[in-house]
Amino acid sequence: MELRQVVYFEAVVRCGGLSRAAEALRIAQPAVSAQIKRLEQELGTSLLSRTTRSVELTAAGRLFLGRARKS
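Residues numbered from 1 in each chain as written. Predicted model: local features only at pLDDT ≥ 70, side-chain atom pairs only at ≥ 80, totals over all residues. Heavy atoms only, no water.

**Student:** Before we move on, can you summarise the packing of helix α2 (residues 18–25) against helix α3 (residues 29–43) with the specific residues and values?
**Tutor:** Any two packed helices are characterised by the angle at which their axes cross and by the distance between the axes. For the pair α2 and α3, the least separation of the axes is 8 Å and the interaxial angle reads 110°. Accordingly, the angle class assigned to the pair α2 and α3 is roughly perpendicular. Note that α2 runs across α3; the crossing there is right-handed. Facing Leu18, Ser19, Ala22 and Leu25 of α2, the residues of α3 in contact are Gln29, Val32, Ser33 and Ile36. Among the residues making up the contact of α2 with α3, the classes are represented as 5 nonpolar, 3 polar and no charged. (Axes fitted to C-alpha atoms, helices over the stretch in contact; angles between N-to-C directions. Helix = DSSP H or I, 4+ residues; strand = E, 2+ residues; numbered from the N terminus. Parallel < 35°, antiparallel > 145°, perpendicular 65-115°, else oblique. Left-handed = near helix turned anticlockwise from the far one by under 90°. Contact = heavy atoms within 4.5 Å. Nonpolar A, V, L, I, M, F, W, Y, C, P; charged D, E, K, R; others polar.)

**Student:** An account of α2 is requested, with residue identities and associated values reported.
**Tutor:** In an α-helix there are 3.6 residues to a turn, and that puts residues three or four apart on one side. Leu18, Ala21 and Ala22 are the residues of α2 that are buried. On an axial view of α2, the arc spanned by its buried residues comes to 100°, and they lie on one face. Where α2 is buried, its residues touch α1 (3–15), α3, β1 (48–50) and β2 (55–57). Within two residues after α2, Arg26 carries a phi angle of roughly 60°, on the positive side. (Buried < 20%, exposed > 50% of the residue type's maximum accessible area, 1.4 Å probe, protein only. Arc of directions from axis to C-beta.)

**Student:** So, the packing of aromatic side chains: which residues are in play, and what are the values?
**Tutor:** Scanning all chains against the criterion turns up 1 aromatic pair. Each ring, one from Phe9 and one from Phe64, has its centre 5.3 Å from the other, and the planes form 70°; the classification is edge-to-face. In this pair, Phe9 sits in helix α1 while Phe64 sits in helix α4 (residues 59–70), placing the two residues 55 residues apart along the sequence. Here Phe9 falls in the buried class, since its relative accessible area comes to 0%. Overall, Phe64 belongs to the buried group, its relative accessible area being 15%. (Phe/Tyr/Trp six-rings, centres within 6.5 Å; stacked < 30°, edge-to-face > 60°.)

**Student:** Help me get a handle on the pattern of salt bridges, residues and values and all.
**Tutor:** Under the criterion given, the structure shown has 6 salt bridges. The residue Glu2 makes a salt bridge to Arg4 at a minimum N-O spacing of 2.7 Å. Among the residues examined, Glu2 registers a relative accessible area of 30% and is labelled partly exposed. Across the pair Arg38 and Glu42 runs a salt bridge, and its minimum N-O distance is 3.9 Å. Here Arg38 pairs with Glu42, and both are found in helix α3, just 4 residues apart, close to one helical turn. Look at Arg38 and you get partly exposed, because its relative accessible area is 34%. Note on Glu42: relative accessible area 41%, which makes it partly exposed. Here the salt bridges do not stand alone but share partners, grouping Glu2, Arg4, Arg38 and Glu42 into one network. (Salt bridge = Lys/Arg side-chain N within 4 Å of Asp/Glu carboxyl O.)

As far as function goes, none of this settles anything; it's purely spatial.
Pasting the structure below:
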């Protein structure tokens, strides 16, 4: 797990979506999506539930977010 992945994940949650997070981070949306996917693969669980219009935290995502914000 890389710090960048945690920063991107937190930005997605804070901004309410991948595209808005990418804008806030000033990077391309596919880069954000790829890093979140890698993070989920490394952790072995989905952190976000994606739809065409939004993302929502899964139970694992809520737990991970809480721990990430404490660090």
